Amino acid sequence: MTDPSCASAAAHTRKARQFQPRHDRRAVVIGHALGVLALGVLALGLPFAVVVFTAPAAPSGGLIWDFSMGLGFGALAMVTLQFALTGRLRWVTHPFGADIVYLAHRYLSWGALLLMGAHFALLYVFHQPALGVLNPFQARWELTAGRVALLCFAALVVTSQWRRALGLRYEWWRGLHLVLAITGFMAAIAHVLGVGTLTGTPQKRVLWLGVTLGWLGLLVFTRIIRPWLQTRNPWRVVGTHDEGGGVRRLELAPEGRALTRWKPGQFAWLTVGHSPFGMVQHPFTISTAPEHGPNLSFAIKALGDHSRAFAQTQIGARAYVDGPYGAFSVDRMTRATGFVMIAGGVGITPVMANLHALAARRDRRPVIVLYANPSWDKVAFRDDLERLRKCLNMTLVHVLDDPPEGWDGERGQIDFDILTRHLAADTRDWPHLLCGPGPMIASLRADLQRLGVRDRHMDYEIFELV
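Chemist: Sorry if this is basic, but what is going on with the overall build of the protein chain here?
Modeler: A count of helices and strands for the protein chain gives 15 helices and 12 strands. The long-range fraction of contacts in the protein chain, counting pairs at least 24 apart against all pairs at least 6 apart in sequence, stands at 75%. When the accessible surface of the protein chain is summed, it comes to about 22,200 Å², and 61% of that surface belongs to carbon and sulfur atoms.

Chemist: Explanation requested: the confidence of the model for the protein chain in the structure shown.
Modeler: With 84% of its residues at a pLDDT of 70 or more, the protein chain has an overall mean of 82. Note that pLDDT drops below 50 for residues 1–5; the model gives that stretch 16 contacts with residues more than four away or on any other chain. The low-confidence segment residues 7–24, where pLDDT is below 50, has 28 contacts with residues more than four positions distant or belonging to other chains.

Chemist: In this structure, what is going on with a nonpolar patch on the surface? I would like to understand it.
Modeler: Taken together, Leu 63, Ile 64, Tyr 124, Val 125, Phe 126 and Leu 134 make up a surface patch of nonpolar side chains, about 620 Å² in accessible area. Elements with a minimum of two residues in the nonpolar patch: helix H4 (63–85) and helix H6 (98–126). Residue contributions to the nonpolar patch peak at three residues, all from H6. Here Tyr 124 is to be found in helix H6.

Chemist: In this structure, what is going on with the sheet that holds strand S1 (residues 235–244)? I would like to understand it.
Modeler: What holds strands together in a sheet is hydrogen bonding between their backbones, with the strands either parallel or antiparallel. The sheet built from six strands is open, its strands ordered S4-S3-S6-S1-S2-S5 with antiparallel pairing. For this open sheet the edge positions go to strand S4 (282–285) and strand S5 (296–301), each flanked by a neighbour on one side alone. Between one strand axis and the next, the sheet turns by 40° as a mean value, whatever way the strands run.

Chemist: Can you help me understand helix H13 (residues 382–391) in this one?
Modeler: Along an α-helix, residues three or four apart share an orientation, since each turn contains 3.6 residues. Asp 384, Leu 385, Leu 388 and Cys 391 are the residues of H13 that are buried. The buried side chains of H13 occupy one side of the element, clustering within an arc of 120° when seen end-on. Exposed residues on H13 whose side chains face more than 90 degrees from its buried face are Asp 383 and Lys 390.

Chemist: Would you mind showing me how to read the side chain of Gln 266 here?
Modeler: The residue Gln 266 is located in the loop between strand S2 (247–254) and strand S3 (267–272) in this model. Polar contacts involving the side chain of Gln 266 include one to the main-chain amide nitrogen of Lys 263, which spans 2.8 Å. Here Gly 326 takes part through its backbone oxygen, which lies 2.9 Å from a polar atom of the side chain of Gln 266. Here Gln 266 is in contact with Arg 261, Thr 285, Ile 286, Pro 324, Tyr 325 and Gly 326, once residues within four sequence places are set aside.

Chemist: Explain the side chain of Thr 222 here, please?
Modeler: Structurally, the position occupied by Thr 222 is in helix H10 (residues 202–231). There is a polar contact of 3.3 Å between the side chain of Thr 222 and the backbone oxygen of Leu 219. Dropping the residues within four chain positions of it, Thr 222 is found in contact with Gly 87 and Pro 227.

Chemist: Help me understand the packing of H4 against helix H9 (residues 170–195), please; the structure alone is not making it clear to me.
Modeler: Packed helices, taken two at a time, are described by their axes: the angle between them and the distance between them. Put simply, H4 and H9 touch, their axes get as near as 11 Å, and they point 145° apart. Seen along the crossing, H4 lies across H9 with a hand that is left-handed. Between H4 and H9, the residues in contact are Leu 76, Val 79, Thr 80 and Phe 83 and Ala 181, Phe 185, Ala 188, Ile 189 and Val 192, respectively. Looking at the contact of H4 with H9, its residues break down into eight nonpolar, one polar and no charged.

Chemist: Looking at this structure, I do not really get the pairing of S2. What am I missing?
Modeler: Looking along a regular strand, one sees the side chains alternate between the two faces of the sheet. With eight bridges connecting them, S1 and S2 associate as antiparallel partners. Note on S2: the bridge partner recorded for His 241 is Arg 249. Counting the residues in the hairpin turn of S1 and S2 gives two residues, including Gly 245, whose phi is positive at 65°. By the bridge criterion, six bridges tie S2 to S5 in an arrangement that is antiparallel. Along S5, the bridge assignment pairs Glu 251 with Ser 297.

Chemist: What is the right way to read unusual backbone geometry from this model?
Modeler: The phi angle of most residues is negative, glycine excepted, and most peptide bonds adopt the trans form. The step from Gly 323 to Pro 324 runs through a cis peptide bond, and the omega angle for that step is 5°. Phi angles above zero are rare outside glycine, and Arg 362 is one such case at about 55°. By the element assignment, Arg 362 lies in the loop between helix H12 (348–360) and strand S8 (367–373). One non-glycine residue, Phe 381, lies in positive phi territory at about 60°.

Conventions we followed
Throughout this description, residue numbers start from 1 for each chain and increase along the sequence as written. Side-chain atom pairs in this predicted model are given and counted only at pLDDT of 80 or more, local residue features only at pLDDT of at least 70, and totals for whole chains, interfaces and linings cover all residues. Based on all heavy atoms of the structure, the side-chain values leave hydrogens and waters out of the count. For the purposes of this entry, the term helix denotes a DSSP run of H or I that reaches at least four residues, the term strand denotes a run of E that reaches at least two, and both are numbered from the N terminus. Any two residues whose heavy atoms approach within 4.5 Å are treated as being in contact. Calculation of accessible area relied on Shrake-Rupley with a 1.4 Å probe; when residues are assessed, cover is drawn exclusively from the protein chains displayed. The predictor rates its confidence in each residue with pLDDT, a number between 0 and 100. A patch consists of residues exposed above 30% relative accessible area that lack any salt bridge, with like charges linked at up to 9 Å and nonpolar side chains (Val, Leu, Ile, Met, Phe, Trp, Tyr) linked at up to 5 Å. A pairing counts as a salt bridge when a side-chain nitrogen of Lys or Arg comes within 4 Å of a carboxyl oxygen of Asp or Glu. When DSSP finds at least two bridges between two strands, those strands are taken to pair. As a rule, the C-alpha atoms of each element are fitted with a line to give its axis, helices using only the stretch in contact, and angles between N-to-C directions run from 0 to 180 degrees. Whether a residue is buried, partly exposed or exposed follows from its accessible area with a 1.4 Å probe, protein chains only, as a fraction of its type maximum: under 20%, in between, or over 50%, in that order. Note that the arc is defined by the directions from the helix axis to the C-beta atoms. Here a polar contact is taken to be a pair of N or O atoms separated by no more than 3.5 Å, where protein atoms must pair a possible hydrogen donor with a possible acceptor and residues adjacent in sequence count only if both atoms sit in side chains. For any pair of crossing helices, the crossing counts as left-handed if the nearer helix is rotated counterclockwise from the farther one by less than a right angle, and right-handed if it is rotated clockwise. Note that Gly is not counted as nonpolar here; it falls among the polar residues with everything else outside the nonpolar set of Ala, Val, Leu, Ile, Met, Phe, Trp, Tyr, Cys and Pro and the charged set of Asp, Glu, Lys and Arg.

And the structure:
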């Protein structure tokens, strides 16, 4: 077990200096984010420019017809962008955090589905003859392909939004998601090429060829090349530790190239006992500080699906790591004069990684940690937190919903009154790092805003990523 004591921190002081950022990278990150957003807008807008401004223009079928064609084209452009958002491309996720990118993917998927539905509905109501018969055995193949695409994307959104209600295990859902996405995209491209409305010029045909090849390239990279690279850098489980609260920590040692350039608080996709080409992968926070590498630790709580099997992994198991990802790190806040960290349940994991890094660097900036749990026996990293409290300039506040007899600490849930008691006025401009269930984060945001903390001083880790 990593010893976060002050003695251990002192032993790592020389190594820590090489990890300590020398300047505030906020301007660089903002520039990176604006660049990614600009590329996204360009990816959506450039195809429209090619379709509209390359002659000869397609004959107009009237305002509703043209509007419907535009909706269909916009939907396909948004669908194409989804593959980039879910491809774990670090240059895309780095400035925002992978959880935010996945949330954007979820909302844009709903938008794309609505555009597809509106495209079909307008034609069905106002230009029904153009749709022909709905029977797939009698309809023209290109029209059937469009309907197959619509059904695939509808199934994608429904099974993703209500996966748990439908009883889909995570690994089954991932396989279904991949099959539906590939089938839907191929059917959509076949529909566009078969109908021919948007492929009447060489420029337009080059456009659709480029879209298809780009999609195929991304698919090959994510499903073949990246897993193959992981097989060349396997890891081995060398330790398992009970951290309390139902949390099990796995320690991995590299058998190939060690992970580089990771920041405290980031996470990685972990595969244990399976091939990296499979579907059994989960995102877990790297609970080790970079200063304590090259071994990595992952704190795992059995919350269902395959996470229970991960938590029960035995020493000696082969593992594969894809990362790092995420932006929930003190390394992005180098000019902060102090930190407020608020966690609920297993949301303490990225907070622990950041605390371990601060301890290894002998960082004396003040840290206030508020940690909510249902009961005392559900508190993970209890002993670790106590050692860190003595090592760092740290105030630790446990908040229990059902405290034991004789408890004289905070009770209930972290609310405005508790925040007011423990966060002095001079902490309003400190970074506030929040990690926990979605409803908890929403409530904390409102209470912190009421307290006078600006949104730009709040950072969230939405650990219910999948």
